[in-house]
Amino acid sequence: DSGVTQTPKHLITATGQRVTLRCSPRSGDLSVYWYQQSLDQGLQFLIQYYNGEERAKGNILERFSAQQFPDLHSELNLSSLELGDSALYFCASSLAPPGNEQFFGPGTRLTVL
Amino acid sequence: DAKTTQPTSMDCAEGRAANLPCNHSTISGNEYVYWYRQIHSQGPQYIIHGLKNNETNEMASLIITEDRKSSTLILPHATLRDTAVYYCIAKSNFGNEKLTFGTGTRLTIIP
């Protein structure tokens, strides 16, 4: 158990819909990262927040957005969903930059039908 | 981040040492070598990292060549639970905290 929690574990929805994935980092960790893992793209970095502020952006689509709240939990919002958004979404946390060790949550499996 | 190259797959007998190679010939002086693994569809798990010197922890050992162009992750006594995809990542710790995962090595431990 990494100490990072993600909800829900599974999510099935239809194209065009909007969903919110939630992540609670390990106690004391200030950085939260979001990664997407699909069959054709592998594990890809989406976005990072540090203490409530966006710190780095990766291959995140315009339809996706995220935020980190004052209690340090984070949410990833995915809108106008397409079939290709079906993937595993992982959240990771680390104590602070430079983030030597990232602790990953169990992931949310999103299926878009 | 420097590109890393790993074999696609490897097998290892249970109880033997598993040696996973990684090539990172273009690594720069401030880039560390990190290893993570992913068991089935679980979240990736940190194993070990190093800069120049060999490193050991309770999970594994990391051997980095003197020219830093390649490294080997060693699992000393592989068990069936070590079956996973292992990722070698070259990453600077300054101004870049994201992990760039390649395709990794699928390690299968054979009973």
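Shown above is the structure to which this text applies.
On a predicted model such as this, the values are computed, not experimentally measured, just so you know.

Parameters at a glance
- Residues numbered from 1 in each chain as written.
- Chains lettered and ligands numbered in written order.
- Predicted model: local features only at pLDDT ≥ 70, side-chain atom pairs only at ≥ 80, totals over all residues.
- Heavy atoms only, no water.
- Helix = DSSP H or I, 4+ residues; strand = E, 2+ residues; numbered from the N terminus.
- Rg over C-alpha atoms; globule rule 2.2 N^0.38 Å.
- Buried < 20%, exposed > 50% of the residue type's maximum accessible area, 1.4 Å probe, protein only.
- Contact = heavy atoms within 4.5 Å.
- Areas by Shrake-Rupley, 256 points an atom, 1.4 Å probe, with all protein chains shown as cover.
- Lys, Arg positive; Asp, Glu negative; His and termini not counted.
- Charge placed at Lys NZ, Arg CZ, Asp CG, Glu CD.
- Buried area = accessible area lost by both parts, 1.4 Å probe.
- Salt bridge = Lys/Arg side-chain N within 4 Å of Asp/Glu carboxyl O.
- Pairing = 2+ DSSP bridges.
- Axes fitted to C-alpha atoms, helices over the stretch in contact; angles between N-to-C directions.
- Disulfide = S-S within 2.5 Å.

**Side note on the overall build of chain A**
Link 1 in the chain: Along the backbone of chain A there are zero helices and 11 strands.
Link 2 in the chain: The order of helices and strands in chain A, counted from the N terminus, is β-β-β-β-β-β-β-β-β-β-β.
Link 3 in the chain: Expected size for 113 residues packed as a compact globule is a radius of gyration near 13 Å; at 13 Å, chain A falls within 12% of this value.
Link 4 in the chain: Expressed as a percentage of its 113 residues, the buried residues of chain A come to 49%.
Link 5 in the chain: Intrachain contacts of chain A at a sequence separation of at least 6 include 55% that bridge at least 24 residues.
Link 6 in the chain: Entry remark: accessible area of chain A is about 5400 Å², with carbon and sulfur atoms responsible for 48%.
Link 7 in the chain: If you average the places of the 8 positive and of the 11 negative side-chain charges in chain A, the two averages end up 3 Å apart.

**Quick look at the overall build of chain B**
Link 1 in the chain: Across its full length, chain B holds zero helices and nine strands.
Link 2 in the chain: Each helix and strand of chain B, placed in order from N terminus to C terminus, yields the pattern β-β-β-β-β-β-β-β-β.
Link 3 in the chain: The globule rule puts the C-alpha radius of gyration for 111 residues at 13 Å, and the 13 Å found for chain B is close to it.
Link 4 in the chain: Counting only C-alpha atoms, chain B reaches 40 × 30 × 25 Å along its principal axes.

**Re the interface of chain B and chain A**
Link 1 in the chain: With 16 residues of chain B at the contact, the number on the chain A side is 20 residues.
Link 2 in the chain: For the pairing of chain B and chain A, the buried interface totals around 1400 Å² over both sides, and the portion due to carbon and sulfur atoms is 52%.
Link 3 in the chain: The closest approach of N and O atoms between E97 of chain B and R55 of chain A, which form a salt bridge, is 2.8 Å.
Link 4 in the chain: Of all the secondary structure elements, the ones that give two or more residues to the side of chain B that touches chain A are β3 (31-38), β4 (45-50) and β8 (84-92) of chain B.
Link 5 in the chain: With three residues, the top contributor of residues to the side of chain B that touches chain A is β3 of chain B.

**Thoughts on the environment of G84 of chain A**
Residues and elements named next belong to chain A.
Link 1 in the chain: Considering the arrangement of structural elements, one finds G84 in the loop between β8 (74-78) and β9 (87-94).
Link 2 in the chain: Overall, G84 belongs to the exposed group, its relative accessible area being 61%.
Link 3 in the chain: As for G84 and D40, which are separated by 44 residues in sequence, their C-alpha atoms are 9.7 Å apart.

**Side note on the sheet that holds strand β3 (residues 19-24) of chain A**
All names here are of chain A.
Link 1 in the chain: With respect to topology, four strands assemble into an open sheet ordered β1-β3-β8-β7, the strand pairing being antiparallel. Looking along the sheet, the strands with just one partner apiece sit at the ends: β1 (5-7) and β7 (64-68). In this sheet, adjacent strand axes meet at a mean angle of 15 degrees when their direction is disregarded.
Link 2 in the chain: The pairing of β1 with β3 spans three bridges and is antiparallel. From the neighbouring strand, T7 faces β3, where its bridge partner is R22.

**Concerning the state of the cysteines**
Link 1 in the chain: This model, assessed by the stated rule, comprises two disulfides over all chains.
Link 2 in the chain: Between C23 of chain A and C91 of chain A runs a disulfide, and the two sulfur atoms are separated by 1.8 Å. Across the disulfide from C23 of chain A to C91 of chain A, rotation about the S-S bond amounts to roughly -50 degrees, and the bridge is consequently left-handed. Of this pair, C23 of chain A sits in strand β3 while C91 of chain A sits in strand β9, and the two are 68 residues apart along the sequence. The residues C23 of chain A and C91 of chain A share a single accessibility class, namely buried.
Link 3 in the chain: Here C22 of chain B engages in a disulfide with C88 of chain B; their sulfurs sit 2.1 Å apart. The chirality of the disulfide connecting C22 of chain B with C88 of chain B is left-handed, given an S-S dihedral of about -80 degrees.

**As for the sheet that holds strand β5 (residues 55-56) of chain B**
Residues and elements named next belong to chain B.
Link 1 in the chain: The strand order β2-β7-β6-β5 describes an open sheet built from four strands, whose pairing is antiparallel. Of all strands in the sheet, those bounded by a partner on one side alone are β2 (18-23) and β5.
Link 2 in the chain: The sheet contact formed by β2 and strand β7 (residues 70-75) spans six bridges and is antiparallel. When the bridges of β7 are listed, L20 appears paired with L73.

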